[in-house]
Amino acid sequence: MRVPPPGRRVRRSHRPGDIVRDDRGEALELCEEIGSGGQGTVWSLKGGQAAVKFVESGAGDDLRLRIAAVRRFDLSGVPIARPLSLLVGDDIGYTMELLAEMTGIGTLIAVPHERQAEWFHATGGLRRRLRLLARAAEALDRIHSKGLAYGDVSPGNVLVSARSENDQVWLIDPDNLSVQARLPDAAYVTEDYAAPELLTGQAGPDSLTDVFAFAVLAFHTLALTHPFIGDMVDRDAGLEVDAFRGRLPWIDHQTDDRNRSSQGLSRQIALTKGLRRLAAQTFEEGLHRPERRPSMRDWHDKLDQAALLMIACPGCGGTYHAAMTGCPWCRRESRPPVLRCDLHGYLPAGKAPEIPDEAETERLRSIILASGQPQTVRARTGLLCLDRGPSGIATDPGEPLVDLNWDGGRRVLIHRVGRHPVWMVNRRARSDVPLDPGDIWPLNLNDTADWTVHFGPPAEPHRLLRILLPRTEA
């Protein structure tokens, strides 16, 4: 529920085909509404990769100043829309960049009344939702690393690929970006996602309010139920105000069961143990103590790791955690055989004064490779440093490094598909073989104790992948 503050004019409605104009003299035709946040609505435009955001009249008073400030921010490496022009005439707002075929992540939350399981799998299932949320957390973490807060993390402001086979993420609403927390005054927030201190006016937006809103979004997207709308609130909508302001327990509170929910997916299926722990940390000890909340980096790491541990059921196509012995969606008892691939950091000899010999870190990530289900190792997973690559082209975290393919037999195919260095190292024989783009290395599972896959510059600290022998049990 969003109620405009006193004195605010209610936004006028727009329809597909309406024409608006900007300060560049262009006539822009509206296509469809693709998102909405606390301050307004976002529409795609006909004939180009652009969108327009309409804001309330009160929120638009300092819009030009805020857009000018955003244009000065360093947003390199962040998948966020850049403002392009200001609207003129009766409409208040601005145009911004938009990737093609994007839709709000809220479409992955809006559960239909019928054929729910089919809808869930058709929209990418659990693995895609984890990947998309990990990408969103990565983008927000990059914003925070630049000393900025996003301001209004909500389903309408996080756009995702409309096609289920793609997993791009694009943030909109750039005018909400801010350098320092400021009391919200008349600024809007999306009430059912905002942190309690924003709703009560005790604080302004900062990285910790972003974390709270993202935690609500992540839980809602994975479990398909809002973390503060339990059965008690569902029966009495008047309790929403108390629930969203943190005066009622969240639905999975460890000791207070007043607001339990009978809705949504089983948390044992939808969230890994690490994600359940982050949710509890955010919604319990971090509810009114923002400093106790996990960071956006914590959320990214757990979401990314969870996505890498998913496998697909050969029967129904649903995705689930490889630790389960069978598919929780269709109750198929046997899961496909899996390999575990562990990612470690590697330090060449002499690269650290206190460590004269070569050294490896403990396991950083694990990737599950199921029979007949290829996995791609991307830059965000395999590269130690994402700020530079082998050329002047900036490194995108989503860039592929290698494809891994296992047919369930005794061989894994390692296919170099990216532009970053990849080479095979046999530590026992003290030899290494660089892979050129397009090369395929067939690794016999009997040799996995000797061979490892290395990513990045050989003479510098980097990461390596070790493939373990097949697991017969989860």
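Residues numbered from 1 in each chain as written. Predicted model: local features only at pLDDT ≥ 70, side-chain atom pairs only at ≥ 80, totals over all residues. Heavy atoms only, no water.

Student: Pulling in residues and values, what's your account of helix H5 (residues 207–223)?
Tutor: Structural remark: α-helix, 3.6 residues per turn; residues separated by three or four positions point the same way. Compared with an ideal rise of 1.5 Å per residue, which puts 17 residues at 24 Å, H5 spans 24 Å between its outermost C-alpha atoms and is within 8% of the ideal. Among the 17 residues that make up H5, 15 are buried, leaving the element largely enclosed by the rest of the structure. Its side-chain oxygen placed 3.0 Å from the backbone nitrogen of Leu208, Asp206 serves as the N-cap of H5. Leu224, located one to two residues past H5, shows a positive phi value of around 60°. (Helix = DSSP H or I, 4+ residues; strand = E, 2+ residues; numbered from the N terminus. Expected span 1.5 Å × (residues − 1). Buried < 20%, exposed > 50% of the residue type's maximum accessible area, 1.4 Å probe, protein only. Polar contact = N/O pair within 3.5 Å; in protein donor to acceptor, adjacent residues only side chain to side chain.)

Student: With reference to specific residues and values, describe the nonpolar core.
Tutor: By size, the foremost hydrophobic cluster in this structure holds 69 residues, and its most contacted members are Leu130, Ile143, Phe214, Phe283, Trp299 and Leu303. Counting residues per element, this core draws most heavily on H5, which supplies 11 residues. Leaving out residues up to four positions away in the same chain, Leu130 has contacts with Leu222, Leu275, Leu303, Ala306, Ala307 and Met310. Leu369, Leu401, Trp451 and Leu465 belong to the second-largest nonpolar core, a separate cluster that totals 26 residues. (Core = buried A, V, L, I, M, F, W, Y, C linked by side-chain atoms within 4.5 Å. Contact = heavy atoms within 4.5 Å.)

Student: If you had to explain the sheet that holds strand S1 (residues 19–22) to someone new, which residues and values would you point to?
Tutor: The sheet built from 6 strands closes into a barrel, its strands ordered S1-S2-S3-S4-S6-S5 with antiparallel pairing. Strand-to-strand twist in this sheet, taken as the mean axis angle between neighbours without regard to direction, amounts to 45°. Relative to strand S2 (residues 27–36), S1 is paired through 3 bridges, and the arrangement is antiparallel. Residue pairing across strands places Val20 opposite Leu28, the latter belonging to S2. (Pairing = 2+ DSSP bridges. Axes fitted to C-alpha atoms, helices over the stretch in contact; angles between N-to-C directions.)

Student: Go over the packing of aromatic side chains with me, naming the residues and quoting the values.
Tutor: Enumeration according to the criterion identifies 9 aromatic pairs in this entry. Both rings, one in Trp250 and one in Phe283, keep their centres 5.1 Å apart while their planes meet at 55°; by these two values the pair is tilted. Taken as a pair, Trp250 in the loop between helix H7 (240–244) and helix H8 (267–270) and Phe283 in helix H9 (residues 273–285) lie far apart in primary sequence, 33 residues in all. Classification of Phe283 by relative accessible area gives buried; the value is 1%. With a centroid separation of 5.0 Å and 55° between ring planes, the pair formed by Trp441 and Trp451 is classed as tilted. Here the residue Trp441 occupies a position in strand S19 (residues 440–444), and Trp451 occupies one in strand S20 (residues 451–455), the gap between them amounting to 10 residues. Note on accessibility: Trp441 and Trp451 belong to one class, buried. A network of ring pairs unites the aromatic residues Phe212, Phe219, Phe228, Trp250 and Phe283 as a single cluster. Cation over ring: Arg129 sits above Trp119, and NZ or CZ is 5.2 Å from the ring centre. (Phe/Tyr/Trp six-rings, centres within 6.5 Å; stacked < 30°, edge-to-face > 60°. Lys NZ or Arg CZ within 6 Å of the ring centre and 35° of its normal.)

Student: Could you give an account of the side chain of His220, with specific residues and numbers?
Tutor: Relative to the helices and strands, His220 resides in helix H5. Within the structure, the side chain of His220 is placed 2.8 Å from the side chain of Tyr193, a separation counted as a polar contact. When residues no more than four places from it in sequence are discounted, the contact partners of His220 are Ile109, Tyr193, Thr225 and His226.

Student: Give a detailed account of the pattern of salt bridges, specifying residues and quantitative values.
Tutor: Within the structure shown, the criterion is met by 28 salt bridges. Its salt-bridge partner being Asp304, residue Arg365 comes within 3.2 Å of it at the nearest N-O pair. Taken together, the residues span a long stretch of sequence, with Arg365 in strand S13 (residues 359–370) and Asp304 in helix H10 (residues 296–308) at a distance of 61 residues. Looking at Arg365, the relative accessible area reads 13%, which means it is buried. Judged by relative accessible area, which is 4%, Asp304 ranks as buried. Taken together, the shared-partner salt bridges connect Glu358, Glu360, Arg427, Arg430 and Arg466 into one network. (Salt bridge = Lys/Arg side-chain N within 4 Å of Asp/Glu carboxyl O.)

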